[in-house]
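Chain by chain, the residues run as shown.
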Amino acid sequence: MDYFYELYARYILERTVELGEDDVLSINTAEEYVPFARLLAKEAKERSGNGSYLVMLEKGKAREAVEIYSDYMIEKAPTVFIYLQGREEEPEFIDHKLYSAREAQLFSHLSDPLMLPEAEVAFITVPMPNKVWASKLYESCSEKNLSAMISDFLLLGSGNGQGKLKEAISVEKYDLANLNSLKGLKAHLYSDDGLTDLSFSFIPSSRFKSMIFETKGKRRFIPHLFPFSYFRAVDRYSAKGYISTSMPFYAFGHLITNASFTFEDGRIAEFSADEESALRLNTYIEQDEDAPRLAELDLTETFTEIADIPYFSYPEWDKLRGITLTLGSARSESVPFANEDEAIEKGFANSLFTLSIPLGTDLTLEIEDGNGDYDTLYSDGIIEDYQ
């Protein structure tokens, strides 16, 4: 198997979850990714001494489960779930159509449920290079080119890219202490060139969260492979002002490279884009009441290696672009409430659809201190230090 996949497997088992001797993997995969699944199971065997469950998927549904790399019947339940996610062909775009959840998923617009139970075990989603995904990047992009991009992003060929999970947790702890040091809810996001000037409020009792998640048993893991991204839920009625972006993003399968938006009462009131992009954006806005509402702010510092990659066409990695505004729905990890009704009452957007708009790093994010003054939280790609 290609050396990339050996490095990829090692990164997953060392960086995202740190497999131990008591761990048993359950690897969910379509048939085309079985060779990589077997490589993961082999690497897991060397670390834990245990075999793995291999769950075969067909059209997204489990077909059968077998045990691999085990000298005896595995009696222990899985402690880590790994899903090898391949990109599928998108449906035909039809403007003004109201799309189903399955179609939204194929277009990468399906939001997570607002309320999800706390994870019992660690779960890792591993995006797998394939022809469909490569075709979304540029005309001549191959699976090998895509693998090289992933390798560069995760630093797979460098000792710097194989840090342990505990090292990521240490950085996360420091960043979150700074991000959550300012207690105000009102925020102001602007650019020096005057093309972005947006005010909004965070949800009361919300906090910045990271992409390092935690199970009920307090085990830490990185579900989408890259840890240093932070997000916080925005009050669905609060956004007012305007933004502009020249960073690429996808809407219903179409790459948009320039767009500007005006927000009123929390939702997109008007926008400007080329004709083809406008068809997609109009169709997105029409999907449901909350689809065009600002739901979440995502923030990443500039040290991320993705900065030199224009776009990945993978939602979780395409949010790693300095400041990104997410429409439609916030991630369930942002929700500090007991049930969906309470979350919606407190200001959470709850759309079936989601769309992320990257704005880059040439921005300043300020938080109001309660006395009418604002403190800078993030500027020119750097989280301010309040420790």
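In this numbering scheme, every chain counts its residues from 1 along its sequence in written order. Only residues with pLDDT of 70 or above have their local features reported here, since the model is predicted, and side-chain atom pairs are shown and tallied only from 80 upward, although totals for entire chains, interfaces and linings are computed over all residues. As a rule here, side-chain values cover all heavy atoms of the structure and leave hydrogens and water aside.

(A) Seen up close, helix α7 (residues 275–285). Within α7, burial applies to S277, A278, R280, L281, T283, Y284 and I285. Looking at the buried residues of α7, the elements they touch are β13 (249–251), β14 (254–256), β15 (259–264), β16 (267–272), β18 (323–329) and β19 (350–360). Between N or O atoms, a polar contact is any pair within 3.5 Å; within protein, one atom must be a potential hydrogen donor and the other a potential acceptor, and residues adjacent in sequence are included only when both atoms are from side chains. Each helix is a run of H or I in the DSSP string that is no shorter than four residues. Each strand is a run of E no shorter than two, and both are numbered from the N terminus. Two or three places before E276, at the opening of α7, D274 has a side-chain oxygen 3.2 Å from that residue's backbone nitrogen. Burial here depends on accessible area, computed with a 1.4 Å probe over protein chains only, as a share of the maximum for the residue type. Under 20% is buried, over 50% is exposed, and the range in between is partly exposed. Working rule for contacts: check all heavy atoms of both residues, and any pair within 4.5 Å makes them a contact.

(B) Expanded view of the environment of Y284. If you trace the backbone, Y284 turns up in helix α7. In this structure Y284 comes out as buried when scored by relative accessible area, which is 1%. It is 9.8 Å that separates the C-alpha atoms of Y284 and G328, two residues lying 44 residues apart in sequence. Not counting the four nearest positions on each side in its chain, Y284 is found in contact with F252, A291, P292, L327, G328, F353, T354 and L355.

(C) Quick peek at the side chain of T245. Within the element layout of this structure, T245 appears in strand β12 (residues 240–245). For T245, a relative accessible area of 4% corresponds to the buried category. Among the polar contacts listed, one links the side chain of T245 to the backbone nitrogen of M247, at a separation of 3.0 Å. One polar contact links the side chain of T245 to the main-chain carbonyl oxygen of P358, over a distance of 2.5 Å.

(D) Up close: the pattern of salt bridges. The rule for a salt bridge is simple: a side-chain nitrogen of Lys or Arg has to be within 4 Å of a carboxyl oxygen of Asp or Glu. Following the criterion strictly, the structure yields 22 salt bridges and no others. A salt bridge links K144 to D2; the shortest N-O distance between them is 3.2 Å. Note that K144 is positioned in helix α5 (residues 143–154) and D2 in the segment before α1 (3–16), a separation of 142 residues in sequence. Judged by its relative accessible area of 61%, K144 is exposed. On the basis of relative accessibility, which here comes to 36%, the residue D2 falls in the partly exposed class.

(E) Quick peek at the side chain of E301. As for its position among the elements, E301 is in the loop between β17 (294–299) and α8 (315–318). For the purpose of charge, His is not counted, nor are the chain termini; Lys and Arg are scored as positive and Asp and Glu as negative. Despite its burial, E301 pairs with no opposite charge; the closest candidate is R15, at 12 Å N-O. Reaching out from E301, the side chain makes a polar contact with the backbone nitrogen of I383 at a distance of 2.7 Å.

(F) Region of interest: α1. For a helix, the expected span equals 1.5 Å multiplied by the number of residues minus one. With 14 residues, α1 ought to run about 20 Å at 1.5 Å a step, and its terminal C-alpha atoms sit 19 Å apart, in line with that. The buried fraction of α1 amounts to 11 of the 14 residues, a majority that puts the element mostly inside the structure. All of the buried residues in α1 are F4, Y5, L7, Y8, A9, Y11, I12, L13, E14, R15 and T16. Capping the start of α1, D2 holds a side-chain oxygen 2.7 Å from the backbone nitrogen of F4, two or three residues further along. Positive backbone phi, approximately 50°, marks E18, located one or two places after α1.

(G) Layout of a negative patch on the surface. Patch definition: residues with relative accessible area over 30% and no salt bridge; like charges joined within 9 Å; nonpolar side chains (Val, Leu, Ile, Met, Phe, Trp, Tyr) joined within 5 Å. Here the open area of atoms and residues is found with the Shrake-Rupley method and a 1.4 Å probe, where only the protein chains shown may cover a residue. Charge positions are represented by NZ for Lys, CZ for Arg, CG for Asp and CD for Glu. On the surface, D192, D193, D362 and D380 cluster together into a negatively charged patch. Of note, D192 is situated in the loop between β6 (186–190) and β7 (197–201). With a relative accessible area of 74%, D192 lands in the exposed category.

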